[in-house]
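Residue-level listing of the chains:
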Amino acid sequence: MTGASGTVLLSQCSHKTLSRSQTFPQNYISQDGLLSVDMVAQETPMQLGRNRLKQWGYNGQIPGPRLEAKPGDTIKINFQNQLPQTSNLHYHGLHIPPTGTADNVFVAVPPGEQFSYEFTLPKKHPSGTFWYHPHYHGQVAEQVFKGLAGLLIVRGELDEIPEIQAASEQFLVFQDFTANPNPNLSRGAIMLGREGELVTVNGKLKPEFSIPTQGLVRLHLLNASISRFYRLSLDEHPFYLIATDGGAISEPVELTELLLAPGERVQVLIQGDRPPSQYQLLSLPYDRGTMGMMGHMGLSSSSNPTQAIATFNYTEPVAPTPLPKTLIPITPLPEPQTLRQFTLNHGMNPGMGMVFLINNQAFNHQRIDVKAKLNQIEDWEIINLGGMDHPFHIHVNAFQIISRNQTPEPLLAWKDVVNVRRGETVRLRIQYQDFIGKTVYHCHILDHEDRGMMGILEIA
Ligand code: C2O
Ligand code: CU
Ligand code: CU
């Protein structure tokens, strides 16, 4: 459908009738080194089956417009907040300054106001699947759960590999919504974070994608849900992983299923050389934790039943197409100068109710938790003491996973979210490059982040 040069419209068919209020997706691609976009956060109606929902979107779209730029491009986003709450924008995964008009999550844009973001992608910025969403602490989960999220694609060296350039490309953004927003959350929803019963792909229930008869299919997948995990399989087709959060890996890796924790992205290729038929993209059960003491109160089940969330149609036989043999080489980061440890846990706080803690502390915007030096290499050990998974995310610099429970990580990859399973210790390696200033790290179950599971990292 869209080649590396890209077409402006995301064309993908859905046999569900579009409601009149639904605008056709409008996406934006940089031109002559500049991407300049007006982004209005506003109330956005959504029709999901028989449910008419009042959600929030960017420019009336859920998910928001897909933005595409190249390394070295300047991105200007004139953000207008027409929501009834303070908001802002975060550019998840981009390697840009955490200060000024760039990826500054400390900016607060009150209702009715606007803010002009402007930054330039470094010339050596990796190509990959990034995204944007609000990051105003305390209301992040609510705003993202309302629908505020969109893709930001950086085009570059990965897109120039001939087999990938020739592939047909699809973007799948996973979000879940609820038709019954309940202000009194159950204890399960407080512990594990909210999940909606309406699982959408690109803002639709079970959309259809068609597979061309030639060439590979390249999928960009984003988990933009605030708490829901997606364990995916495409009717037992192999997925060939080509990129993780921070960009390409060094060669395709065959996988039979994919686990995407909140905030994570991957790119995969599928060959689609199966008999013509309709294949289901399945979301499989995944147990992301119990609630310890509360397990016996019937709140322990966190895994959803299998459901088909999209279909892929092959109408004619598909010619098998070879995969690229190699992608973009990755160099392992050198040995670290410092080791830091972070424990993840939760507890009760008299005034606040349930709180989620890093090193036994809830987020405090006046406290600097980590002081780091530019260019230093550090290992972070993330120790999950609780009874549920926490997808741990760091802004500005991507990292490499070294080990899980001392077992060396088999895949060398750039990540910015790592799911730390209950009882697990993950060691990751990070180098603070190019930019100084204050930024954050946090759990990407956004209900946990809002309830304290975040810290401030200052790079000087
Ligand atoms: Cu996608 Cu700080 O988050
Ligand atoms: Cu982020
Ligand atoms: Cu968490």
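Residues numbered from 1 in each chain as written. Chains lettered and ligands numbered in written order. Predicted model: local features only at pLDDT ≥ 70, side-chain atom pairs only at ≥ 80, totals over all residues. Heavy atoms only, no water.

This paragraph deals with the coordination of the copper ion (ligand 3). Protein coordination of the copper ion (ligand 3) is provided by His-390 (ND1), Cys-443 (SG) and His-448 (ND1), with donor distances spanning 2.0 to 2.1 Å. All donors of the copper ion (ligand 3) belong to a single chain; written as a sequence motif, their spacing is H-x52-C-x4-H. Of the two residues, His-390 is situated in strand E25 (residues 390–394) and His-448 in helix H4 (residues 446–450); the sequence distance between them amounts to 58 residues. Classification of His-390 by relative accessible area gives buried; the value is 0%. (Donors = N, O, S within 2.8 Å, 3.2 Å for Na, K, Ca; no water. Helix = DSSP H or I, 4+ residues; strand = E, 2+ residues; numbered from the N terminus. Buried < 20%, exposed > 50% of the residue type's maximum accessible area, 1.4 Å probe, protein only.)

Before going further, it helps to examine the sheet that holds strand E12 (residues 208–210). One open sheet accounts for five strands, arranged E12-E20-E19-E14-E17; its pairing is mixed. The open sheet terminates on both sides in strands that have one partner only, identified here as E12 and strand E17 (258–260). In this sheet, neighbouring strand axes are inclined to one another by 25 degrees on average, regardless of whether the strands run parallel or antiparallel. By the bridge criterion, seven bridges tie strand E19 (residues 277–284) to strand E20 (residues 307–314) in an arrangement that is antiparallel. When the bridges of E20 are listed, Leu-281 appears paired with Ala-310. (Pairing = 2+ DSSP bridges. Axes fitted to C-alpha atoms, helices over the stretch in contact; angles between N-to-C directions.)

Let's shift gears to the nonpolar core. Nonpolar side chains in soluble globular proteins tend to be buried together. Counting 41 residues, the largest nonpolar core has Leu-172, Phe-174, Leu-221, Leu-232, Leu-281 and Phe-312 as its most contacted members. Counting residues in hydrophobic clusters, the runner-up holds 31 residues, among them Leu-192, Tyr-286, Phe-356 and Met-388. (Core = buried A, V, L, I, M, F, W, Y, C linked by side-chain atoms within 4.5 Å.)

In this section: the coordination of the copper ion (ligand 2). Protein coordination of the copper ion (ligand 2) is provided by His-90 (NE2) and His-393 (NE2), with donor distances spanning 1.9 Å. A residue pair is termed long-range when its members are at least 10 positions apart, and His-90 in strand E6 (residues 90–92) and His-393 in strand E25 qualify at 303 residues. Neither residue differs from the other here; His-90 and His-393 are each classed as buried.

Of note, Ser-127 is situated in the loop between strand E7 (114–120) and strand E8 (128–133). If near-sequence neighbours (up to four positions away) are discounted, Ser-127 is found in contact with Val-154, Arg-155, Gly-156, Glu-157, Leu-158, Asp-159, Gly-247 and Ala-248. (Contact = heavy atoms within 4.5 Å.)

A few words on the side chain of Asn-384. Along the polypeptide, Asn-384 turns up in strand E24 (residues 377–384). Ignoring any residue separated from it by four or fewer positions in sequence, one finds Asn-384 in contact with Leu-344, Asp-389, His-390, Val-420, Arg-421, Arg-422, Gly-423 and Glu-424.

As a further point, take the UniProt feature "domain: Plastocyanin-like" (unreviewed entry) in the chain. Per the UniProt record, "domain: Plastocyanin-like" (unreviewed entry) is annotated on residues 49–157, 183–314 and 341–457. For residues 49–157, the helix share is 6%, the strand share is 37%, and the end-to-end C-alpha distance is 40 Å. (UniProt positions renumbered as here; feature names shortened; annotations may be inferred.)

Attention now goes to the confidence of the model for the chain. Should the pLDDT be low somewhere, the predicted coordinates at that spot are not to be read in detail. Predicted confidence across the chain gives a mean pLDDT of 92, with 92% of residues reaching 70 or more. Predicted confidence for residues 292–301 stays below pLDDT 50, and this span has twelve contacts to residues more than four positions away or in other chains. (pLDDT = per-residue confidence, 0-100.)

This paragraph deals with the pairing of strand E13 (residues 217–223). When you tally the buried positions in E13, you get seven out of seven residues, the bulk of the element. Both faces of E13 are covered, namely the face carrying Val-217, Leu-219, Leu-221 and Asn-223 and the face carrying Arg-218, His-220 and Leu-222. Where strand E10 (residues 168–177) and E13 come together, seven bridges link them in parallel fashion. Among the inter-strand pairings, Leu-172 is bridged to a residue of E13, identified as Leu-221.

By the secondary structure assignment, Pro-320 is in the loop between E20 and strand E21 (338–349). Considering only alpha carbons, one finds Pro-320 and Leu-216, 104 residues apart in sequence, at a separation of 8.1 Å.

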